[in-house]
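Observations on the model geometry
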Amino acid sequence: MDGAAAAPGSTTRLRVESVDGPEAAAERVLREVEATVASHPRGLISFATGGTYKAFFPKLAAAINSGQLPMASLLCTHLDEYLGYGPERPGGMVHELVTACPPLADLLRQGSFLPVPGEGDAPSLEAHRQRLQRAGGIRLQLLGIGRNGHLAFNEPGAPFDGTFRKVQLSESTRRDAEARFRSLDPEGPGVPTEAASAGLGDIQSAGRLILVALGAAKADAVHAMLHGPVDPSCPASVVRRHPDALVLLDAAAAGRAVV
Ligand code: PGA
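These numbers come from a predicted model, not from an experiment.

Parameters at a glance
- Residues numbered from 1 in each chain as written.
- Predicted model: local features only at pLDDT ≥ 70, side-chain atom pairs only at ≥ 80, totals over all residues.
- Heavy atoms only, no water.
- Helix = DSSP H or I, 4+ residues; strand = E, 2+ residues; numbered from the N terminus.
- Buried < 20%, exposed > 50% of the residue type's maximum accessible area, 1.4 Å probe, protein only.
- Contact = heavy atoms within 4.5 Å.
- Phe/Tyr/Trp six-rings, centres within 6.5 Å; stacked < 30°, edge-to-face > 60°.
- Lys NZ or Arg CZ within 6 Å of the ring centre and 35° of its normal.

What about unusual backbone geometry?
Of note, Arg42 is a non-glycine position whose phi angle comes to about 65°, a positive value. With respect to the helices, strands and loops of the structure, Arg42 is situated in the loop between α1 (22-39) and β3 (44-47). Its relative accessible area of 36% is what places Arg42 among the partly exposed residues. The residue Ala152 is not glycine, and still its phi comes out positive at about 50°.

Shown next, in the form of structure tokens:
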């Protein structure tokens, strides 16, 4: 299945590769991060959260702790944050990232991890966007995909030129996050209804995109991303407009996406 997918409506030839599963995907992504850091020290790397990257963050932590990835060369950020969730609050994306990869807590303290502000107000999000720009813009953007084709919290219908903003979560996205919130905070209020998210325009402006999809639950979304129209009905289809995007799929996620 490896190769370039010439999907209808594409303006670029997207690179699609198969991976054997979460561990292999994590290794592949780590190599990409290492290559980015080697070619662009302090180039901004933007992480995605979620189950897709569960195997990646311990490997990232090990690479940083062993010195294989020099801490001083790392500058990072991420895609989105639940509204009202600061870095210390379990359930939040920054909390998930620093828990999965403890060296990120040091980077946060040093100001080398730029967190998405969970307040969600327009001035704080615009300030965040400008901070990313001052840091040279995002060099490497890691992405997952939602079952409904969302990218970050850009749900179907989100504009391709959107920037950081407050968004409403779709019901399917909230359902998918239920188990995660129940395990983190069983007595808590459950899945938030709103988040602050990078827009599809922000994502498009990254130097390189890597999207990972694992498991059969993603197969329909992957098929729509690669073979459906390039339009906001499938936000992830925007990757087909990017000049330097790589999609990594395991066999189950690729099930319907023969390329
Ligand atoms: P997941 O989420 O990695 O937990 O499947 C990805 C997403 O919804 O974007």
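There's more to say after this.
Some thoughts on the environment of Val167
Structurally, Val167 can be placed in strand β8 (residues 165-168). On the accessibility criterion, Val167 (7% relative accessible area) is buried. Residue contacts for Val167: discarding those within four places in its chain leaves Phe153, Thr193, Glu194, Ala195 and Ser197.

Here's the deal with the packing of aromatic side chains
Both the distance between ring centres and the angle between the ring planes are used here to describe each pair of aromatic rings. All chains considered together, the criterion is met by eight aromatic pairs. Taken together, the aromatic side chains of Phe47, Tyr53, Phe56 and Phe57 make up a single cluster linked through ring pairs. Over the ring of Tyr85 we find Arg89, and its NZ or CZ is 3.8 Å from the ring centre.

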